[in-house]
Structures are given as C-alpha cells and as structure tokens.
Amino acid sequence: MAGNANVLTDDSLLSLLDQKLNEIGKFLALISGLAVFSLMILAVLSVSGRNFFNHPLPGYIDWIEQAMPLIAFMGISYTQRNGGHIRMDMVVGKLKGRALYAAELVTTIAILVLMMLIVWGSWEHFQRSFDFSAPMWSRDSSMDIGIPLWPAKLLAPVAFSVLCLQLIVQAWGFTSALISGTNEPVAVPLIEDVAAQANNEASHLTGHDD
C-alpha cells in the first residue's frame, strides 16, 4: 500500500474512487488558492491607484464578495479527504479497531446528512438569484459595479456536492473497515500522533516521500 498524507491507497474500486475525488479536490483547492492570490493583486492595484492616481480600483469590495465563496468553499472536499478539518480527537483518538471505525462511520454519516441539507438549501438560494430571462441571467447584483451574484452563489452547492461524494466514499471505507477489522483501511483519513503529523508536514514541504 502507498500513502498520501494519512490516507492509504490500493488497487480496489473504493481506493480508485477516492483518488479520483482527490484529484477533483486538488483542482478545486488550486482554484481557491488562485482566488486568494488574485485578491492580493487586486489589493495592490486598488491601494496603488488610490495612492498614486487618487483613483482606487472600481468595485474592489464587489470582487472581494465574489471571491469569498471560492476561498471558503473550494478546498473543503480536499481538506476533508486528508483529515484536515478541526475536530476533537480526545475520545475518538483513544479508540482502536472496529470501535474506532464505528465511531467514525456514525460521525461521517451525520456530517453527510447535514451537508446534503446544506446542498439543497444553497441550491435553492442560487435558483432565487438565477434567471435566464433577466439581464446577465441575474435577479440580483453587487451594489457598486453591478456584478451578477449567481456565479458566486452557485459555488456553494457545487463545492458541497463534491464534499458529499467524498463523505460517501469515506462512509464506504469505514463500513468496509468495520466489517473486515483491518488495521490498514483505505480511502479514509487515519488519526496520527504528533510525530507522524510532523513527519507528513515535513515531507509535504520538501516534496519528498518517505
């Protein structure tokens, strides 16, 4: 088996699906990073325009509002896949074997149900903004330069849908591990001690695998 961060892989269908979703997650996370970089450039242009030409970048706040969903949501699936979200491991971290897999399965299913409800709600929110018959297909726009808001509102259900797929794969992984009792489950983030986390972070920064 090979490992990517704290997620083990093999040649099974479950692992292949997990790796494909990870590629999608990496792409979405890259878009999020590019959005952050773009905002940095816009900030420099706006401040430079104000200082040197007494004319800041028009609609700077509008563009920040549009970029917020890119920054906040696009990397959520990638982070979930690699176990990067903040969580309390004081209890779960003490569990081993099937008890651990059962606890992780319950929490994963609970998160999945919640995210499916959020996908439904965010999609309804997008539909209230989108209208084929309206100018620029939008029923609402930003206050300064009139940027349509529906593209930003669409990002939430898209990103959360990918997260739901990732949660389904992880629930499958924990179910398989619960049934088999394996010590090396694939397609699920494994709880690591401090030394293992530091080693993975060092490998990630240097670009080398152990």
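Read on for an overview of the structure. (Residues numbered from 1 in each chain as written. Predicted model: local features only at pLDDT ≥ 70, side-chain atom pairs only at ≥ 80, totals over all residues. Heavy atoms only, no water.)

Applying the stated criterion across every chain yields a total of nine aromatic pairs. Plain terms: the ring middles of Phe 132 and Trp 137 are 5.1 Å apart, the flat faces sit at 70° to each other, and that makes the pair edge-to-face. Overall, the relative accessible area of 59% leaves Phe 132 in the exposed class. Three or more aromatic residues link up through ring pairs in this structure, and these residues are Trp 123, Phe 126, Phe 130, Phe 132, Trp 137 and Trp 150. (Phe/Tyr/Trp six-rings, centres within 6.5 Å; stacked < 30°, edge-to-face > 60°. Buried < 20%, exposed > 50% of the residue type's maximum accessible area, 1.4 Å probe, protein only.)

Looking now at the pattern of salt bridges. Applying the stated criterion to the full structure yields three salt bridges. Across the pair Asp 18 and Arg 81 runs a salt bridge, and its minimum N-O distance is 2.6 Å. Residue Asp 18 is found in helix H1 (residues 13–53), and its partner Arg 81 is found in helix H3 (residues 76–81); the two are separated by 63 residues along the sequence. With respect to burial, Asp 18 and Arg 81 carry one shared label: buried. A salt bridge links Arg 139 to Asp 131; its shortest N-O distance comes to 3.4 Å. Take Arg 139: its relative accessible area is 53%, and that puts it in the exposed class. (Salt bridge = Lys/Arg side-chain N within 4 Å of Asp/Glu carboxyl O. Helix = DSSP H or I, 4+ residues; strand = E, 2+ residues; numbered from the N terminus.)

On to the packing of H1 against helix H5 (residues 150–180), then. Contact pair H1 / H5: the axes reach a minimum separation of 10 Å and the direction vectors enclose 150°. Considered as vectors, H1 and H5 are oriented roughly antiparallel to each other. Seen along the crossing, H1 lies across H5 with a hand that is left-handed. Residues Leu 13, Leu 14, Leu 17, Asp 18, Leu 21, Asn 22, Ile 24 and Leu 28 of H1 touch H5, and the partners they reach there are Val 162, Leu 165, Gln 166, Val 169, Trp 172, Gly 173 and Ser 176. A class-by-class count of the residues in the contact of H1 with H5 yields 10 nonpolar, four polar and one charged. (Axes fitted to C-alpha atoms, helices over the stretch in contact; angles between N-to-C directions. Parallel < 35°, antiparallel > 145°, perpendicular 65-115°, else oblique. Left-handed = near helix turned anticlockwise from the far one by under 90°. Contact = heavy atoms within 4.5 Å. Nonpolar A, V, L, I, M, F, W, Y, C, P; charged D, E, K, R; others polar.)

Here we come to H5. For H5, with 31 residues, the first-to-last C-alpha span of 46 Å sits near the 45 Å given by 1.5 Å per residue. Gly 181 occupies a position one or two residues after H5 and carries a positive phi of about 70°. (Expected span 1.5 Å × (residues − 1).)

Remember, this is a structural readout, not a statement about activity or role.
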